[in-house]
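Chains, contacts and geometry: an overview
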Amino acid sequence: MIRDPSDLQRYNASERANHWVVGICFILLALSGLALFHPALFPLTGLFGGGVWTRILHPFVGVVMMLFFVLMFFRFKHLNQMGDTDWEWVKRAKEMVDGDDHNMPEMGKYNGGQKLLFWFLGLAMLVLFVSGIIIWRAYFSHYFPIGVIRLGAVLHAAFAAVMIIAIIVHVYAAIWVRGTIRAMLYGTVTRAWAKQHHRAWYRQVTGK
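All values reported here derive from a predicted model rather than from experimental measurement.

Notes on the nonpolar core
Core analysis: the biggest nonpolar cluster contains 32 residues, and Met65, Phe69, Met163, Val189 and Ala194 have the highest contact counts within it. Secondary-structure elements contributing two or more residues to this core are helix H1 (13–37), helix H2 (51–76), helix H5 (112–134), helix H6 (146–176), helix H7 (181–185), helix H8 (191–197) and helix H9 (199–206). The dominant element in this core, judged by the number of residues it contributes, is H2, at seven residues. Ignoring sequence-local partners within four residues, the contact set of methionine 65 consists of Val22, Cys25, Phe26, Leu29, Met125 and Met163. Counting residues in hydrophobic clusters, the runner-up holds five residues, among them Trp89, Ala93, Met104 and Met107.

Now the structure itself:
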């Protein structure tokens, strides 16, 4: 890909690597988790070497994802504080979905929708990690009463399902808004993209 020298850097290599490690772990966890969730999806265990290996690998991949997510969380937490402009963006999000985003409130590096997703993912990861520890039979579940284990299993499945839906929406939005994917592939975006979708951030990094 030929890049314009005037493009703006949105993410450095370390930030992109952090994002992709979390993303790859999520895909592995979603596939292995679905395989363990329902017998109809059990054939997915073939991707991991069978049912036994799927059950062994799933929690360890979860620990890796949590470690890198925590790193990413504290990297971007300060950029995801909700303000009045963000709530205004959320209220008018339908305009953007309808294809008219020219009159949306000026956004910083992230818009209101992205910020809400960030905080939801933070909550979901916490619930999934804690509940995952509780139901991890090989090491921890024997420390908890059966009622707590059952509750942990329900919460784990529920938050995992909602998180899968949220990530699908996240990926769809990144594809739908042309020019977004390259930010996580190459680290840069065009000035036109930044000016249209994140004008306050554009003004901040360009001084214009």
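Brief notes about the UniProt feature "domain: Cytochrome b561 bacterial/Ni-hydrogenase" (unreviewed entry) in the protein
Those places that UniProt annotates as "domain: Cytochrome b561 bacterial/Ni-hydrogenase" (unreviewed entry) correspond, in this numbering, to residues 10–187. Taken end to end, residues 10–187 is 69% helix and 0% strand, and its first and last C-alpha atoms sit 5 Å apart.

Overview of the environment of histidine 142
Following the sequence through the fold, histidine 142 ends up in the loop between H5 and H6. Linking histidine 142 and phenylalanine 74, residues 68 residues apart in sequence, is a C-alpha distance of 32 Å.

Some thoughts on the UniProt feature "transmembrane region" (unreviewed entry) in the protein
This chain's UniProt record puts "transmembrane region" (unreviewed entry) on residues 20–44, 56–74, 116–139 and 151–175. From the first C-alpha to the last, residues 56–74 spans 29 Å; its make-up is 100% helix and 0% strand.

Topic: the pattern of salt bridges
Within the structure shown, the criterion is met by five salt bridges. Here aspartate 7 and arginine 182 are joined by a salt bridge, their closest N and O atoms 2.6 Å apart. Within this pair, whereas aspartate 7 is found in the segment before strand S1 (8–9), its partner arginine 182 is found in helix H7, the two being separated by 175 residues in sequence. Take arginine 182: its relative accessible area is 14%, and that puts it in the buried class. For glutamate 95, the salt bridge identified is with arginine 92, shortest N-O distance 3.1 Å. Given a relative accessible area of 23%, arginine 92 falls into the partly exposed group. Among the charged side chains, a network of salt bridges with common partners joins Glu88, Arg92 and Glu95.

Points about the packing of H2 against H5
H5 packs onto H2 with a crossing angle of 150° between their chain directions and a minimal axis gap of 11 Å. By the angle between their axes, H2 is roughly antiparallel relative to H5. Crossing handedness for the pair H2 and H5: left-handed. Each of Val63, Met65, Met66, Phe69, Phe73 and Phe76 in H2 lies in contact with H5, whose residues at this interface are Phe118, Trp119, Leu121, Gly122, Met125, Leu126 and Phe129.

Conventions we followed
Residues numbered from 1 in each chain as written. Predicted model: local features only at pLDDT ≥ 70, side-chain atom pairs only at ≥ 80, totals over all residues. Heavy atoms only, no water. Core = buried A, V, L, I, M, F, W, Y, C linked by side-chain atoms within 4.5 Å. Buried < 20%, exposed > 50% of the residue type's maximum accessible area, 1.4 Å probe, protein only. Helix = DSSP H or I, 4+ residues; strand = E, 2+ residues; numbered from the N terminus. Contact = heavy atoms within 4.5 Å. UniProt positions renumbered as here; feature names shortened; annotations may be inferred. Salt bridge = Lys/Arg side-chain N within 4 Å of Asp/Glu carboxyl O. Axes fitted to C-alpha atoms, helices over the stretch in contact; angles between N-to-C directions. Parallel < 35°, antiparallel > 145°, perpendicular 65-115°, else oblique. Left-handed = near helix turned anticlockwise from the far one by under 90°.

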